[in-house]
Amino acid sequence: MEMSIESWFNLHYYGFGHGADEEEDEEESEEELAVPAEPIEEVDDRVFPFHDDVFYINLKGSRVRTGFDNLPMEILLNIFRFLNSVDRDSAALTCKRWFDAMGHRDFLDEVCFHFEEVCICDGTPPIGLFLRSFRHFSNIKLTRVQFNGYSEFWDVFGENLREITFCNCVTLTKSKLTMILKRLPFLECLVLEEADEFFQTWAPVEMKRIEPVCRCLRKLALRKSNAFTVEHLYYLIAMGPNIGALEISKCLKQIDAPTRVKILTTILAIMKLRKKKLQSVDFSYTMYDDLFLKQFAEIENMSLSQISLSFFERAPIKDPGIIDILRCQSAIVHLDLSSFLNLTDFALIEISSSLRLLKTLKLNGCWLLTDFGVESIYKLERLQVLDLSDCDKISDRGFMKAIVDRRRDRMSQLYLSMLPGLTDSVILKICLTLLNLTVIDFCGSDCMNDTSVQFLFCYLKCLRTLRLNGCVKISDAGLTGENLAVAVIEIWDVQTTFSVSELRSLQELQLSGCFKVTDFTLTHSFRFRELRELNLAHCVQISELGIEAMSRNCPALEQIDLSDCFHVNDRCVEAMAKNLVRLRSLKLVRLPLLTGASVDALVLYAKVIRYIYIRGCCKIPKDAPERLRKIGTLRNIPKC
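Conventions used here
Residues numbered from 1 in each chain as written. Predicted model: local features only at pLDDT ≥ 70, side-chain atom pairs only at ≥ 80, totals over all residues. Heavy atoms only, no water. Helix = DSSP H or I, 4+ residues; strand = E, 2+ residues; numbered from the N terminus. Buried < 20%, exposed > 50% of the residue type's maximum accessible area, 1.4 Å probe, protein only. Contact = heavy atoms within 4.5 Å. pLDDT = per-residue confidence, 0-100. Salt bridge = Lys/Arg side-chain N within 4 Å of Asp/Glu carboxyl O. Pairing = 2+ DSSP bridges. Right-handed = clockwise from strand over helix to strand, strands pointing away. Phe/Tyr/Trp six-rings, centres within 6.5 Å; stacked < 30°, edge-to-face > 60°. Lys, Arg positive; Asp, Glu negative; His and termini not counted. Arc of directions from axis to C-beta. Axes fitted to C-alpha atoms, helices over the stretch in contact; angles between N-to-C directions. Parallel < 35°, antiparallel > 145°, perpendicular 65-115°, else oblique. Nonpolar A, V, L, I, M, F, W, Y, C, P; charged D, E, K, R; others polar. Polar contact = N/O pair within 3.5 Å; in protein donor to acceptor, adjacent residues only side chain to side chain.

Here we come to the overall build of the chain. When you go through the chain residue by residue, the secondary structure sums to 25 helices and 25 strands. Considering the chain as a whole, with its 640 residues, one finds that 49% of them fall into the buried category. Sequence separation of 24 or more characterises 75% of the internal contacts of the chain that already satisfy a separation of 6 or more.

Here it is, written out as structure tokens:
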């Protein structure tokens, strides 16, 4: 019996058949033919992880036992990169080798442990539970936490922490922050969010002795803060001599003009001081003027790869500061100009001409842009992410010349929400050109109807995120491919239609406001093995029949929004709680048919749910919050 090539490769790849000459192999094979092979006993009730750390591989030849430890770690890591954090946690329970793979740096950085409204004290949960943990983590966020003196938590996990965020921590002081940072020797990112009370208690600022000095710190971020001063900025920058990313977003909104000018001047001085190491700046939704942008552009020998800017003030019509920045920063790879209200076509033409390395371009809310400027985007050959949402002056002509007329194999994300100028005729050309799209957003766009959505299902098989909120023209016919007035593909007398279920890799589906969608779509086309997030808010024709079918056929669902679906009743909630074992977030807003039975079903069956939003349900009893407290994993207690 000859062995197939595939069987031979697998045997040799996993360590079998090595170390012997071909002649000896032939002699051994002849001897083996004379002796009948003993059957391998398969045990069905094997104890975790395995009795002998082996697993079976099915080959075209005979079944072969293969050593589990011979599988290279690189293969495991590549497989794990296709999984989300929840799936990786489940896979890590398989065996020790898979658990070790989950501890890879890239996977740890994706998980953020969020401590909200707790006390950082060794003897109280959840800190006491973490101190008994057998693994480490690299990213934590602290929201409205209380710091009571010294905690062993920082000594145990400090060496592994790479990113930490303090959000609205009232009890945080300069001394406590210093104590914590001293125990984080490899910290790379420090975020202070809503930290006005922290900055107000930190006065005066002594610059003589700066501690600690975080030499591994690469990013400093201040968000939603208005109380920091020039001295605070200089101190924080001095703490991180190797900072390469500076973020000051959603700041300086509630302070007087002279103080704002002083702080902006300080930011420019810091950028000049660190210009050789600075690679990324983010000033989105922060109050500044065109003079700040002009002085920004005048900083010499500074090469940035990422810039985020938002602008709300009046800019000069001729030679605005943003154009000067674009001319001197030709190495930009990621550019985010969302809500830059004064961005003109001439600035966009400058972007396309100067920034040939650009991979990400976000122009959400730049309402002055027209087809004249958008046409120039065709020069950006490396573009991967494009956001033109809410640029309502763009039409088919500009978009066609910008994207469709050039081969775009690298494009992976496209955001075109709230664009009244686009028509359904451009959808087919998008699908034929951008075949590798994984994220597409057409929320609130009139171009999406039953015919155009069929083109998405036919050509964009790699889609993972599909957002169609507010596309009121879409009905069951478009989502299921049944009873369509005109077939998408028609050759002679053969008509071919498509269903949303053909997007087998779909992980997020947004259909809020698509009121023509009924139970027919949920029962016939909702069969997704990987769907994690589903938004059906305002789909008023959905009822018990569709919800039960959806909960059986979409087992991976984690987030569901059924707000204003007033036919949803207690049986719907019970079906979701029973069948969706991964359910973590559930929105039930303004549902008049829900009663206390829904609360009981969630308490009884929803074992891992974290967030429940119940509001406007008139039949929900007043003691529902107390009954929901029995769910041990619940993070929020809804106010019914």
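Caution applies to low-pLDDT regions: their predicted coordinates should not be interpreted in detail. Predicted confidence across the chain gives a mean pLDDT of 86, with 88% of residues reaching 70 or more. Here residues 1-69 scores under 50 on pLDDT; set against residues more than four positions off or in separate chains, the count is 55 contacts.

What follows covers the pattern of salt bridges. Under the defined criterion, the tally for this structure stands at 28 salt bridges. The shortest N-O distance in the salt bridge between Glu-350 and Arg-327 comes to 3.6 Å. Of the two residues, Glu-350 is situated in helix α15 (residues 345-354) and Arg-327 in helix α14 (residues 321-328); the sequence distance between them amounts to 23 residues. Among the residues examined, Arg-327 registers a relative accessible area of 51% and is labelled exposed. Glu-508 is the salt-bridge partner of Arg-467, the closest N and O atoms lying 3.1 Å from each other. One end of the pair, Arg-467, is in strand β18 (residues 465-467); the other, Glu-508, is in strand β21 (residues 508-510), and 41 residues separate them in sequence. Because the salt bridges share partners, they merge into one network encompassing Asp-371, Glu-375, Arg-397 and Lys-401.

As paired strands, strand β8 (residues 189-193) and strand β9 (residues 219-223) are joined by five bridges and run parallel to one another. Pairing of Leu-190 across the sheet is with Leu-220, part of β9. For the segment spanning β8, helix α10 (residues 196-201) and β9, crossover handedness is right-handed. In the sheet, β9 pairs with strand β10 (residues 245-249) via five bridges, with the strands oriented parallel. Opposite Leu-222, over in β10, you have Ile-248 as the bridge partner. Handedness of the crossover joining β9 and β10 through helix α11 (residues 230-239) is recorded here as right-handed.

Taken as a whole and judged by the stated rule, the model has 24 aromatic pairs. A ring pair is formed by Phe-283 and Phe-292, whose centres lie 5.7 Å apart and whose planes are at 75°; its orientation type is edge-to-face. You'll find Phe-283 and Phe-292 in the same group, each marked buried. By the ring-pair criterion, three or more aromatic residues cluster together here, those being Phe-113, Phe-115, Phe-130, Phe-137, Phe-153, Trp-154 and Phe-157.

Turning to its location among the elements, Asp-519 is positioned in helix α21 (residues 519-524). Buried Asp-519, no salt bridge; nearest opposite-charge side chain is Arg-552, N-O distance 11 Å.

Looking now at helix α3 (residues 73-80). Of all the residues in α3, the buried ones are Leu-76, Leu-77 and Phe-80. Down the axis of α3, the smallest arc covering the buried residues is 100°, so these residues share one side.

Between Pro-125 and the following residue, Pro-126, the backbone shows a cis peptide bond with an omega angle of 0°. Residue placement: Pro-126 occurs in the loop between β4 (119-120) and α7 (127-131). Backbone geometry at Asn-301 places phi at a positive 60°, although glycine is not the residue there. Structurally, Asn-301 can be placed in the loop between α13 (290-297) and β12 (306-309). Residue Asn-301 is classed as exposed on the basis of its relative accessible area, which comes to 67%. Of note in the backbone geometry, Met-418 takes a positive phi value of approximately 55° without being a glycine.

Mapped onto the fold, Asp-390 is located in the loop between β15 (385-387) and α17 (396-404). Residue Asp-390 is classed as partly exposed on the basis of its relative accessible area, which comes to 38%. Beyond its immediate stretch of four places on either side in the chain, Asp-390 contacts Asn-364, Gly-365, Trp-367, Ser-417, Met-418 and Leu-419.

This part covers the packing of α17 against helix α18 (residues 425-433). Relative to each other, α17 and α18 sit at 5°, their axes nearing to 11 Å. Taken as axis vectors, α17 and α18 run roughly parallel relative to one another. Packed against α17, whose contacting residues are Asp-396, Phe-399, Met-400, Ile-403 and Val-404, the element α18 presents Ser-425, Val-426, Lys-429, Ile-430 and Thr-433 at the interface. In terms of residue class, the contact of α17 with α18 is built from six nonpolar, two polar and two charged.

Running from amino to carboxyl end, helix α22 (residues 544-553) crosses helix α23 (residues 570-579) at an angle of 0°, the nearest separation of the two axes being 9 Å. As summarised for this structure, α22 and α23 are arranged roughly parallel, according to the angle between their axes. For the pair formed by α22 and α23, the contact residues are Glu-544, Ile-547, Glu-548, Met-550, Ser-551 and Arg-552 on the first element and Arg-571, Cys-572, Ala-575, Met-576 and Asn-579 on the second. Looking at the contact of α22 with α23 residue by residue, the classes come out as five nonpolar, two polar and four charged.

Here the focus is the side chain of Asn-449. Along the chain, Asn-449 turns up in the loop between β17 (439-441) and α19 (450-459). At 3.1 Å, the side chain of Asn-449 and the backbone nitrogen of Thr-451 are in polar contact. Aside from chain neighbours lying at most four places away, what touches Asn-449 is Asp-424, Lys-473 and Ile-474.

Here we take up the environment of Val-118. Mapped onto the secondary structure, Val-118 falls in the loop between β3 (113-116) and β4. For Val-118, the contacting residues outside a window of four places in its chain are Pro-126, Arg-144, Val-145 and Gln-146.

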